[in-house]
Amino acid sequence: MDSEQKTPAELKEIRLNRKLAQDAEGIKAMADIAAEDIAIRKRTENLRALRLEREAADRDNPVEAKPRPKKKKTT
């Protein structure tokens, strides 16, 4: 950093620039969060459609359970 003192006008400009940078960063972060949310919703919608399709196929073609062999009693 500079060892010389800043004037009040320079300090005000520095604070203003820092605030503008923080605001821009916040807007970018919110846009990233919104984009990620949209992507998650699309993936969820696709997975739900696949699950419902699989469940409908399972209802149409039920799997028959294999009979279990009876266990022998041991004495």
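Residues numbered from 1 in each chain as written. Predicted model: local features only at pLDDT ≥ 70, side-chain atom pairs only at ≥ 80, totals over all residues. Heavy atoms only, no water.

Caption draft 1: Summary view of the overall build of the protein chain. A tally of helices and strands in the protein chain yields 1 helix and 0 strands. In terms of C-alpha radius of gyration, the protein chain reaches 32 Å, well past the compact-globule figure of 11 Å for 75 residues. Over its C-alpha atoms, taken along the principal directions, the protein chain stretches across nearly 95 × 40 × 10 Å. Burial analysis of the protein chain (75 residues in total) assigns 0% to the buried set. On the protein chain, roughly 8200 Å² of surface is accessible, and the fraction owed to carbon and sulfur atoms is 56%. In the protein chain, which carries 19 positive and 15 negative side-chain charges, the distance between the mean positions of the two groups comes to 15 Å. (Helix = DSSP H or I, 4+ residues; strand = E, 2+ residues; numbered from the N terminus. Rg over C-alpha atoms; globule rule 2.2 N^0.38 Å. Buried < 20%, exposed > 50% of the residue type's maximum accessible area, 1.4 Å probe, protein only. Areas by Shrake-Rupley, 256 points an atom, 1.4 Å probe, with all protein chains shown as cover. Lys, Arg positive; Asp, Glu negative; His and termini not counted. Charge placed at Lys NZ, Arg CZ, Asp CG, Glu CD.)

Caption draft 2: Inspection of the pattern of salt bridges at higher detail. Evaluation of the coordinates by the stated rule reveals 4 salt bridges. With its nearest N and O atoms 3.5 Å apart, the salt bridge here joins Asp32 to Lys28. One end of the pair is Asp32 and the other is Lys28, both in helix H1 (residues 8–60) and 4 residues apart, which spans about a single turn. Look at Asp32 and you get partly exposed, because its relative accessible area is 42%. By relative accessible area, which is 54% here, Lys28 ends up exposed. When the shortest N-O distance is used, the salt bridge between Glu55 and Arg51 registers 3.4 Å. Taken together, the residues Glu55 and Arg51, both in helix H1 and 4 residues apart, mark about one turn of the helix. By relative accessible area, which is 30% here, Glu55 ends up partly exposed. (Salt bridge = Lys/Arg side-chain N within 4 Å of Asp/Glu carboxyl O.)

It is worth stressing that arrangement in space is one thing and function is another; only the former is reported here.
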